[in-house]
Amino acid sequence: MRTWQVGDVMTKDVATVGEETPYRQIVDVLIRRGISAVPVVDDFRRVLGVVSEADLLHKVERAGQPDERRVFEGRRRRTAREKAGALVAKDLMTAPAVTTYPEAALPAAARLMERDAVKRLPVLDDLGRLVGIVTRSDLLRVHLRTDAEIREDVVQEVLRRVLAVRDGLVTVQVRDGAVTLDGRLDRRSAVELAGRLAAQVSGVVQVHNAVGYDVDDTTLREMDPVHATPVV
């Protein structure tokens, strides 16, 4: 069963700047392209860092203020002061950049953004070269899939291809991304697997599994001493 990957939703036409790109030119790129950040790349399109609006705003925030240096200066304050005085990308950028790959699953990319508190991820190929960029809004595009598309994947990929369920045994209804499974199968393990796999289909926001079963084979496995896990 195929799920959406970063390569399916990323922007391939990525605006970039070089290490020596001046402050004003970076601002021009962001405004002209309607973006909030830009990767800084070398001559081989390897990502050195990212300059965001937050990096650029330090100069605006400290405009007209004296360049004061404190004896006990925190890292954040020192970084803000240094970026306020920076003139080119290499001194403005946040580095190293948090990156991902086209084959990465969307949930993995979302967790990476959350973990590192970033709003976008440059996407690299196998040689570490920039091939795209994915943002938070890009990750949400998976939920723009229609209910009909989601239902088709659940029926074809989950029920027919993976579980080999005969037509008519399980019905699938999808409304606003919420999947309802109903019907009856022979084994409880198959019912549970159907629910788990349906939840992994791109665009699914919830699964209500109302499928019944004839035999609780999970209980049988627990009771069968042949398949029991030895205690050590």
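Parameters and conventions
- Residues numbered from 1 in each chain as written.
- Predicted model: local features only at pLDDT ≥ 70, side-chain atom pairs only at ≥ 80, totals over all residues.
- Heavy atoms only, no water.
- Helix = DSSP H or I, 4+ residues; strand = E, 2+ residues; numbered from the N terminus.
- Expected span 1.5 Å × (residues − 1).
- Buried < 20%, exposed > 50% of the residue type's maximum accessible area, 1.4 Å probe, protein only.
- Pairing = 2+ DSSP bridges.
- Right-handed = clockwise from strand over helix to strand, strands pointing away.
- Axes fitted to C-alpha atoms, helices over the stretch in contact; angles between N-to-C directions.
- Contact = heavy atoms within 4.5 Å.

Comments concerning helix α9 (residues 188–199)
- Taking 1.5 Å per residue as the helical rise, α9 with its 12 residues ought to reach 16 Å, and the 17 Å between its terminal C-alpha atoms agrees with that figure.
- Every buried residue belonging to α9 is among Ser189, Ala190, Val191, Ala194, Gly195, Leu197 and Ala198, and all of these are buried.

Observations concerning the pairing of strand β5 (residues 170–175)
- What you see with β5 is a clean split: Val170, Val172 and Val174 sit on the buried side and Thr171, Gln173 and Arg175 on the side with no burial.
- Both β5 and strand β6 (residues 178–187) contribute to a ladder of 6 bridges, which runs antiparallel. The residue of β6 that forms the bridge with Val172 is Leu181.
- Taken together, β5 and the strand that follows it, β6, pair antiparallel across an intervening segment of 2 residues, in which Asp176 is found at a positive phi of about 55°.

Structural notes on the pairing of β6
- Direction of pairing for β6 relative to strand β7 (residues 206–215): parallel, over a ladder of 9 bridges. Considered in β7, the bridge of Thr180 is made with His208.
- Regarding topology, α9 serves as the crossover connection from β6 to the parallel β7, and that connection is right-handed.

Structural notes on the sheet that holds β6
- Overall, mixed pairing links the 3 strands, which are arranged β5-β6-β7 in an open sheet. Looking along the sheet, the strands with just one partner apiece sit at the ends: β5 and β7. Averaged over all pairs of adjacent strands, the angle between strand axes in this sheet comes to 10°, irrespective of strand direction.
- Contacting β5 and β6, helix α8 (residues 147–162) runs over the sheet at an angle of about 155° to β5.

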